[in-house]
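Listed here are the chains, written in short residue letters.
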Amino acid sequence: MSNLFKGSPYRRRRDLESGSRSADLDRDLDDYESSSPFNITSTKNASVERLRRWRQAALVLNASRRFRYTLDLKKEEEKKQILRKIRAHAQAIRAAYLFKEAGLRVNGTTDPQKTSGGDFAVSQEQLTTVTRDHNITALQELGGVKGLAEALKTSPEKGILGDDSDLVKRKNVFGSNTYPQKKGRSFWMFLWEAWQDLTLIILMVAAAASLALGIKTEGIKEGWYDGVSIAFAVLLVIVVTAISDYRQSLQFQNLNEEKRNIHLEVIRGGRRVEVSIYDIVVGDVIPLNIGDQVPADGILITGHSLSIDESSMTGESKIVHKSTSEPFLMSGCKVADGSGTMLVTGVGINTEWGLLMASISEDTGEETPLQVRLNGVATFIGIVGLSVAVLVLVVLIIRYFTGHTKNPDGSIQFKAGRTSASAAVDGAIKIFTVAVTIVVVAVPEGLPLAVTLTLAYSMRKMMRDKALVRRLSACETMGSATTICSDKTGTLTLNEMTVVDAYVGGQKLDPPDNKARLSGVLSSLLIQGVAQNTNGSVFVPEGGGDVEVSGSPTEKAILVWGLKLGMDFGAVRSQSTLVHVFPFNSEKKRGGVALQSAESQVYIHWKGAAEIVLACCSRYSDASGEVVPMDEDKSLFFKNAIEDMAARSLRCVAIAYRPYEEKVPADEQQLMQWKLPEDDLILLAIVGIKDPCRPGVRDAIQLCQNAGVKVRMVTGDNLQTAKAIALECGILGSDADAVEPNLIEGRIFRAYSDEQREEIAEKISVMGRSSPNDKLLLVQALRKRGHVVAVTGDGTNDAPALHEADIGLSMGIQGTEVAKESSDIIILDDNFASVVKVVRWGRSVYANIQKFIQFQLTVNVAALIINVVAAISSGDVPLNAVQLLWVNLIMDTLGALALATEPPTDHLMHRPPVGRREPLITNIMWRNLLIQASYQVSVLLVLNFQGKRLLSLQHDNADHANKVKNTIIFNAFVLCQIFNEFNARKPDEKNVFRGVTKNRLFIGIVAMTLILQVVIIEFIGKFTKTVKLNWKHWLLSVGIAFVSWPLAFVGKLIPVPKTPLHEFFTRKFYRHGRH
């Protein structure tokens, strides 16, 4: 069973705790361990069968509570069935509609149009008929997209007006983009589930038996205390558990709301504005780009190579190309490629996605590796506890019926042939109650729940630190991260871009917007390329005012530069027609458009990574606008210009064009397949865009390096730009470090074999000109080397790397919806400093759970040994059921709350990452636990057996003396736990009080526990079978508890072996098994 205390089959190289052993033994041990159901390395991609195995293997007295926040496997299957039904339902409606339409055509009749759209010339029913049923005929009857836009009082170019009255009107007629969600479980449901705990049910049976026994032996006036007090304590545990779980449930619901609240751009009144997905209305015009989620049902207005992944709705993973012949867009689908604009025709419950989301309640549950491992620990302790309880029950019954159990006055309780059957049953009930108390203290049901409490607290705090957790397990996995592969743009830099250098007409423009040096022809072509080859836009308010530029930071920088050169965005775009678009592609590092001017002349414009576009250029346009062949000298001049700009950490972008004399494909299908010519280009300009490093990023990277986490920059930018930024922010220490393989280009890395990549991946600090596939290969290589890898990504093509990594971090501002859905945590401000905060919180989660385990196991071990030894030796227990229920409440709920909410400290970032294979209970924890438990057991057992003599109680009434002795044991035991709670805060630090004043909740819980303990002893003793203590007895109890502080300090001076305890036993067990 010792392998239950272990992590996953992973050991970092140079891990001090791993020891040295042969590869064969390592592999054999891995095989031995992987069979354990509690040994799931990562639940991120674990199979349902594997997750089911660990549930079935756990010894669980209350499954609904133990597995509350884990994935509901039954509900997952139900969700899939509902999804299949809704898909089939939608297809059946479509088929029925087509059948009806065919019948009407045969009869020569048409379906009369219903118009009940209020102020609009089209009703919701008609819109549903068009979009949900993909009815192209009905769309044509309404006048196509233009006719439908008119009916909805919107413009395909400028969108709706978007004022408040317009929005309200549209929501009243067509509904809002929300859907009724299934209500979360009520508080009463949590109360009912908490009540179903088998331990508590056994206690209620014991309470009923105690009540009956008490009334029978002591009469109604005095006899009800014992039974009622157990029942009250059980009810208190139920209520506290239900409140705790209900509050966590509300937190998870809020988190889900945050995850679903996507923000996107819509065009209203001619300008692009950012709105919440819930604020979209019918008639809205929405630009779509790669990676976006289609936010509502709609119809394509214009599209260029637009491909949609409809797998979320149809269940089929094929990509569907959208065009005027197939213009219908379904809510919830993703843009796989291309770009376009859509007209919203259905929102909320009037979409298939809305129907689907209203039918299923999203399961917030999810396994985390710590939950799995803690269930292993809890199962092991539970088996030990139940075995001990059964043993004690057997021993006590034998003792009782053989006449070895005595009353406080010394008389024998059972005499064969003399004691009545009724008295014998009473004695047996008392023994049963003693055994139940041992079960209560031995089964730590609260252990796996402590994980959820810690994670819920951390998630709430991480939101304040600009990190939205999508997967619970990412919180704890981040604490084990050994390397972070980070993007450059926007993460390490500010993403506030401006053009600071420009080479136009074969010369450097100084300043970069000096349009006086440009000829009319060159200026015209350049401005055409800037205005047309972009997915950004420029809005000029009609009444004057500041011009608004929207788009990605790079696009915005180039558009602003174009405006300074005299560009009239609207006029330029209206002078020529877009024929075809090749959207910017992170693999090719460029994007292009084909334009047809009013004179029918076709131009191909390209824009992208400077050295890649330059390599495609055979000519360039000089200052007078003449096209000149690109000779070697001029090519070298441009290459040197690029290197010079890159060395100053500028992003270099080249703009080029070429005339196209051949015939452009006329057919829409052929046009979609047409590849834009990218050879024989004419260079127009190369611009250098400055994107300064984020303030504080150097310190954040230094903090990571001190914490044993290597930061690697993976960027699509030029290698020289990447090198300059890496030196600026501290990823590279000096120019001496900037050599291969520390600094490598993506194409070189991908050319290596798998084995070579693994070897080189370890050394890489900066990868420039990388494609998303290079990032994926790097992640795979690092994981094979045993690293726990965190990856940042924002593009759709980053999704495989985000999915493959141990922790995928997507960007909240620049990230696409596809990237966000593949990630585990969303960094809301795109800032690397926030990534470092996530590492701190990850380590804090792990550390806090370890604190709680140390605290709870100390209580478990001490209480179990005290009661077992006392029960077997004297037939009675010093700690009764009510007292142990109170201790359990301190441990399970209040203790978890106090220790799980410890904020992260700087100390956490001065130690190496937590290895996945490192034991949950470290040697340091074993040392602390055994010292405290041994001390408590020794002192309290001495009090139990010699208490009357030591406390000078020999002359007191035997029953009263016994009660005083037991009260002092109970009081000292509880106070020991309160004092030990401080020790648990800092398992490896001598000063356990550091930072205690910052955690008000901890101080509040300790104070509340202390006050309640005084109330129990001094005022409600009849219920807990305690008596009032005098000041000497209180001083003695506090003195016993106080010793745990100096004892903990001295204990920390004792060195512990580096080989984990569990590994020592595993090796012995394994070797023994082989022989």
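Predicted model, so just to flag it, every value in this text is computed and none were measured.

(A) Examining the environment of glycine 227 more closely. One can find glycine 227 in helix α10 (residues 198–260). Sequence-distant contacts of glycine 227, defined by excluding residues within four places in its chain, comprise Ala207, Ser210 and Leu211.

(B) Representation of unusual backbone geometry within the structure. Omega for the bond connecting aspartate 510 with proline 511 falls within 30 degrees of zero, at 0°, which places this linkage in the cis form. Within the secondary structure layout, proline 511 lies in the loop between β11 (507–509) and α17 (520–532). The amide bond that connects glutamate 740 to the next residue, proline 741, takes the cis arrangement and shows omega of 5°. Mapped onto the fold, proline 741 is located in the loop between α24 (719–729) and β22 (743–745). For aspartate 680, which is not glycine, the phi torsion reads 55° and is therefore positive.

(C) Region of the structure containing the UniProt feature "transmembrane region" (unreviewed entry) in the chain. Mapped onto the present numbering, the UniProt feature "transmembrane region" (unreviewed entry) falls at residues 190–215, 227–246, 377–401, 431–457, 1001–1021 and 1033–1054. Along residues 1001–1021, the helical share is 90% and the strand share 0%, with 28 Å between the first and last C-alpha atoms.

(D) Layout of a nonpolar patch on the surface. Taken together, Leu198, Ile201, Val205 and Phe432 make up a surface patch of nonpolar side chains, about 300 Å² in accessible area. Among the elements that take part in the nonpolar patch, α10 stands out by supplying 3 residues, more than any other. Checked against the element boundaries, leucine 198 lands in helix α10. Exposure remark for leucine 198: the relative accessible area of 38% places this residue in the partly exposed category.

(E) Quick look at helix α26 (residues 754–761). Of all the positions in α26, only Arg757, Ile760 and Ala761 are classed as buried. Buried residues of α26, viewed axially, fall in a sector of 100°; they line one side. Elements that come into contact with the buried residues of α26 comprise β21 (710–714), β22, α25 (746–751) and α27 (772–784).

(F) Representation of the pairing of strand β16 (residues 602–609) in the model. Among the 8 residues in β16, 7 count as buried, and that is most of the element. Taken together, the 7 bridges between strand β15 (residues 590–597) and β16 define a ladder with antiparallel strand orientation. Paired with glutamine 596 across the bridge in β16 is valine 602. Hairpin remark: β15 followed by β16, antiparallel, with 4 residues in the connecting loop; positive phi at serine 600, about 70°. Sheet topology places β16 next to strand β19 (residues 650–660); 8 bridges connect them, and they run antiparallel. By the bridge assignment, lysine 607 is partnered in β19 with isoleucine 655.

(G) Structural context of the side chain of glutamate 555. Among the secondary structure elements, glutamate 555 is positioned in helix α18 (residues 553–564). Given the relative accessible area of 12%, glutamate 555 is considered buried. Aside from chain neighbours lying at most four places away, what touches glutamate 555 is Asn533, Thr534, Asn535 and Lys607.

(H) Summary view of the packing of helix α36 (residues 1031–1042) against helix α37 (residues 1044–1051). Running from N to C, α36 and α37 point in directions that differ by 10°, and their axes come no closer than 5 Å. Relative to α37, the element α36 is oriented roughly parallel. In contact with Ile1040, Ala1041 and Phe1042 of α36, α37 contributes Ser1044, Trp1045 and Pro1046.

(I) Broad picture of the nonpolar core. Residues Leu203, Phe970 and Phe973 are the most contacted members of the largest nonpolar core, which totals 81 residues. Here the element with the most residues in this core is helix α33 (residues 958–985); it accounts for 14 residues. Ignoring any residue separated from it by four or fewer positions in sequence, one finds leucine 203 in contact with Ile230, Val234, Val436, Val440, Ala881 and Leu885. One finds Val377, Met459, Leu472 and Ile853 within the second-largest nonpolar core, a separate group that totals 66 residues.

What counts as what
Note on numbering: residues in each chain are counted from 1, in written sequence order. Local features are withheld for residues below a pLDDT of 70 in this predicted model, meaning they are given only at 70 or higher, and side-chain atom pairs are given and counted only at 80 or more; totals for whole chains, interfaces and linings count all residues. Each side-chain value is worked out from all heavy atoms of the structure, with water and hydrogens disregarded. For helices the rule is a DSSP run of H or I covering at least 4 residues; for strands it is a run of E covering at least 2, with both sets numbered from the N terminus onward. Note on contacts: a residue pair is in contact if any heavy atoms of the two residues lie within 4.5 Å. UniProt positions are given in the numbering used here, feature names are shortened, and annotations may be inferred rather than shown by experiment. Only residues whose relative accessible area exceeds 30% and that form no salt bridge enter a patch; like-charged residues are grouped when within 9 Å of one another, and nonpolar side chains (Val, Leu, Ile, Met, Phe, Trp, Tyr) when within 5 Å. To be clear on the numbers: accessible area is Shrake-Rupley with a 1.4 Å probe, and residue cover counts the displayed protein chains and nothing else. By convention in these notes, a salt bridge is any Lys or Arg side-chain nitrogen within 4 Å of a carboxyl oxygen on Asp or Glu. Here's how the labels work: a residue is buried when its accessible area is under 20% of the maximum for its type, exposed when over 50%, partly exposed in between, all with a 1.4 Å probe on protein chains only. As used here, the arc is the angular range of directions from the helix axis to the C-beta atoms. Here, any two strands with at least 2 DSSP bridges between them count as paired. For helices, the fitted line uses only the C-alpha atoms of the stretch in contact; every axis is such a line through C-alpha atoms, and the angle between N-to-C directions lies from 0 to 180 degrees. If an angle is under 35 degrees, it is roughly parallel; if it is over 145, roughly antiparallel; if it lies from 65 to 115, roughly perpendicular; otherwise it is oblique. Nonpolar cores are built from buried Ala, Val, Leu, Ile, Met, Phe, Trp, Tyr and Cys residues. Side-chain atoms within 4.5 Å join them into one set.

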